[in-house]
Amino acid sequence: MNDESNILDFFLGSNTPEGFVSLFDEITGLYKDYVSYVIKGGPGTGKSTLMKKCAVEASFFEPYLERIHCSSDPNSLDAVILPKAKVTIADGTPPHVIEPQYPGAYESVVNFCDCWDEKNLQQNRESVIDLSQKVSACHRQCVGLLKAAHSLLQDNFLLAMACTDGVKVAKAAGNILERECKRRRGLLPKEHKRFLSAITPKGLLCCTDTINRLCDRVYVLKDFYGASSALFMEELRVQLLQRGFEIYTCLCPMNAHQKIDHIFVPELKLGFVTATPFFPLEKTLDAYRVIHFTRFTDMETLKKKKQRMRFNQRMAAELLEESVRSLQKAKSIHDALEQVYGHAMDYKKINDKAQAVLYAIQTRYPQGN
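Since the structure is predicted, the reported quantities are computational estimates derived from the model, not experimental observations.

Turning our attention to the overall build of the chain. Scanning the chain from N- to C-terminus turns up 10 helices and 16 strands. With respect to the principal axes defined by its C-alpha atoms, the chain has extents near 70 × 50 × 35 Å. For the chain, with 369 residues in total, the buried portion stands at 51%. A separation threshold of at least 6 residues defines the contact pool for the chain, and within that pool the share at least 24 residues apart is 79%. About 17700 Å² of surface is accessible on the chain, with carbon and sulfur atoms providing 51% of the total. Looking at the chain, you have 48 positive and 44 negative side-chain charges, and the mean spots of the two groups are 5 Å apart.

Structure, rendered in structure tokens:
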């Protein structure tokens, strides 16, 4: 049985203060050598089940493969990326809609929509609409709570940034890279954007196993407020790309467009991660080195804002807990919606389509396996 040591778990979409942020263009942009299977179908129609089967079978042939989890249900998959076979398979339905740009030439649509009893679903139309609208309302509530939490955490971020020595941060990052990464020429850099953590119905989750599978050495930057780590990670990113490395850049789910939480360099088995009060990774990882944000911070000035910052942190934590409860309610309702669709499905037809996809992927490997 495969021990999953070659499986990397990530998210390509996350619930954020700005709504659902999708990085699925990471899949739709792999035109040159890849084949992309885009699954269309309703909730509970077997999309995730097919992807899980693909991941299990391909794991025996792939040095590394990626399982992309759903932030609204981490037990469910949104996509699988198979680099050796040069195949992606993804759920192409909302909130991360994928519409074929080069149908047949690049994307192959796997249509589960013709495997349901449409008459049955029409008879249950009111339930489908009602449950769908309730799920959407829960997600809107979640976004509102995340916005409120973000405003408080952003206040702390800005207060800490005003007390952070950016030159010192950049120098520290550069010194580490001088030790860890030899300068190279003539190699094109490559960047994969992912979420390693997400706000989910199971709470604030981080795929820590991925860190252990990717890295032999992990630098942990312990940062209560995110200012030092934001500067540190951005400096690392710029320098690593300038040196021609392939990197995984993992974005912050609370500030997806502006803040990097983690960076991994697979070639060097090297990782840089941010530990926060919400994700205390220094407690769960075997860190090569822990760097504390106080090294770069004027703590005497920052302490003058201690009461305000503690209040912000405490209230943000309560809002995040409430956002998780909203997602838990959304999942419970979504489960009921899946049952409605499940009763209308012809699973023999679905299984036949799934087997055809699995066979096509197997033929992408040497020896036709």
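This brings us to the sheet that holds strand E5 (residues 65–70). Pairing is mixed in the open sheet, where 6 strands are placed in the order E1-E5-E6-E7-E4-E8. A single partner strand is all that each edge strand has here, and the edge strands are strand E1 (7–11) and strand E8 (107–111). When strand polarity is set aside, the average angle formed by the axes of neighbouring strands in this sheet is 25°. Packing against the sheet, helix H10 (residues 347–362) makes contact with strand E4 (35–40), strand E6 (73–82), strand E7 (87–91) and E8, and its axis sits at approximately 170° to E4.

Once that is clear, we can look at the packing of aromatic side chains. Applying the stated criterion to the full structure yields 8 aromatic pairs. When the ring of phenylalanine 10 is compared with that of tyrosine 248, the centres are 5.3 Å apart and the planes differ by 10°; the resulting orientation is stacked. A residue pair is termed long-range when its members are at least 10 positions apart, and phenylalanine 10 in strand E1 and tyrosine 248 in strand E13 (residues 246–251) qualify at 238 residues. In this structure, phenylalanine 10 and tyrosine 248 share a single accessibility class: buried.

On to the side chain of serine 229, then. Along the polypeptide, serine 229 turns up in helix H7 (residues 227–242). Judged by relative accessible area, serine 229 falls into the buried class, the value being 0%. Here serine 229 is in contact with Leu221, Asp223, Lys259, Ile260 and Thr274, once residues within four sequence places are set aside.

Topologically, glycine 104 is positioned in the loop between E7 and E8. Between the C-alpha atoms of glycine 104 and alanine 360, which are 256 residues apart in sequence, the distance is 14 Å.

The next subject is the packing of helix H4 (residues 125–161) against H7. Between H4 and H7, the least distance of the axes is 8 Å, while the angle of their chain directions is 75°. Judged by the inter-axis angle, H4 sits roughly perpendicular to H7. Side by side, H4 and H7 meet where Phe157, Ala160 and Met161 of the first sit next to Ala227, Ala230 and Leu231 of the second. By residue class, the composition of the contact of H4 with H7 is 6 nonpolar, no polar and no charged.

Below, the discussion takes up the packing of H4 against helix H9 (residues 306–342). One way to put it is that H4 packs onto H9 with a least axis distance of 8 Å and a crossing angle of 165°. As judged from the angle between their axes, H4 and H9 are roughly antiparallel. As H4 packs across H9, the resulting crossing turns out to be left-handed. For the contact of H4 with H9, the per-class residue count stands at 25 nonpolar, 9 polar and 5 charged.

Our focus in this paragraph is the sheet that holds strand E9 (residues 190–194). Spatially, E9-E13-E14-E15-E12-E16 is the arrangement adopted by the 6 strands of the open sheet, whose pairing is mixed. The strands lining the two open edges of the sheet, one partner per strand, are E9 and strand E16 (289–292). The mean angle between the axes of side-by-side strands here comes to 20°, regardless of whether they run parallel or antiparallel. Relative to E13, E9 runs parallel, the two being bridged by 5 bridges. Looking at the pairing, lysine 193 lines up with threonine 249 of E13. The strands touched by helix H5 (residues 166–180) are strand E12 (217–222), strand E15 (270–275) and E16; relative to E12, the strand with the most contacts, the crossing angle is about 175°. On top of the sheet, H7 reaches E9, E12, E13, strand E14 (260–265), E15 and E16; it is set at about 35° to E14, its chief contact.

Pairing between side chains of opposite charge can happen when their charged atoms approach one another. Summed over the entire model, instances satisfying the criterion amount to 20 salt bridges. We note a salt bridge from aspartate 114 to lysine 353, for which the minimum N-O separation is 2.9 Å. Taken together, the positions of aspartate 114 in the loop between E8 and helix H3 (118–123) and lysine 353 in helix H10 put the pair 239 residues apart, joining distant regions of the chain. With relative accessibility at 24%, the residue lysine 353 sits in the partly exposed group. For glutamate 234, the salt bridge goes to arginine 237, with nearest N and O atoms at 3.5 Å. With glutamate 234 and arginine 237 both in helix H7, this residue pair falls 3 residues apart, about one helical turn. Each of Glu4, Asp9, Arg67, Asp209 and Arg213 takes part in one network of salt bridges that share partners.

Applying the stated criterion across every chain yields a total of 0 disulfides. The thiol sulfur of cysteine 207 is not disulfide-bonded, and the nearest other cysteine sulfur, from cysteine 206, lies at 6.4 Å.

So, on to the side chain of threonine 297. When you line up the elements, threonine 297 lands in the loop between E16 and helix H8 (299–303). Its relative accessible area of 10% is what places threonine 297 among the buried residues. One polar contact links the side chain of threonine 297 to the main-chain carbonyl oxygen of phenylalanine 293, over a distance of 2.7 Å.

Conventions adopted
Residues numbered from 1 in each chain as written. Predicted model: local features only at pLDDT ≥ 70, side-chain atom pairs only at ≥ 80, totals over all residues. Heavy atoms only, no water. Helix = DSSP H or I, 4+ residues; strand = E, 2+ residues; numbered from the N terminus. Buried < 20%, exposed > 50% of the residue type's maximum accessible area, 1.4 Å probe, protein only. Contact = heavy atoms within 4.5 Å. Areas by Shrake-Rupley, 256 points an atom, 1.4 Å probe, with all protein chains shown as cover. Lys, Arg positive; Asp, Glu negative; His and termini not counted. Charge placed at Lys NZ, Arg CZ, Asp CG, Glu CD. Pairing = 2+ DSSP bridges. Axes fitted to C-alpha atoms, helices over the stretch in contact; angles between N-to-C directions. Phe/Tyr/Trp six-rings, centres within 6.5 Å; stacked < 30°, edge-to-face > 60°. Parallel < 35°, antiparallel > 145°, perpendicular 65-115°, else oblique. Nonpolar A, V, L, I, M, F, W, Y, C, P; charged D, E, K, R; others polar. Left-handed = near helix turned anticlockwise from the far one by under 90°. Salt bridge = Lys/Arg side-chain N within 4 Å of Asp/Glu carboxyl O. Disulfide = S-S within 2.5 Å. Polar contact = N/O pair within 3.5 Å; in protein donor to acceptor, adjacent residues only side chain to side chain.

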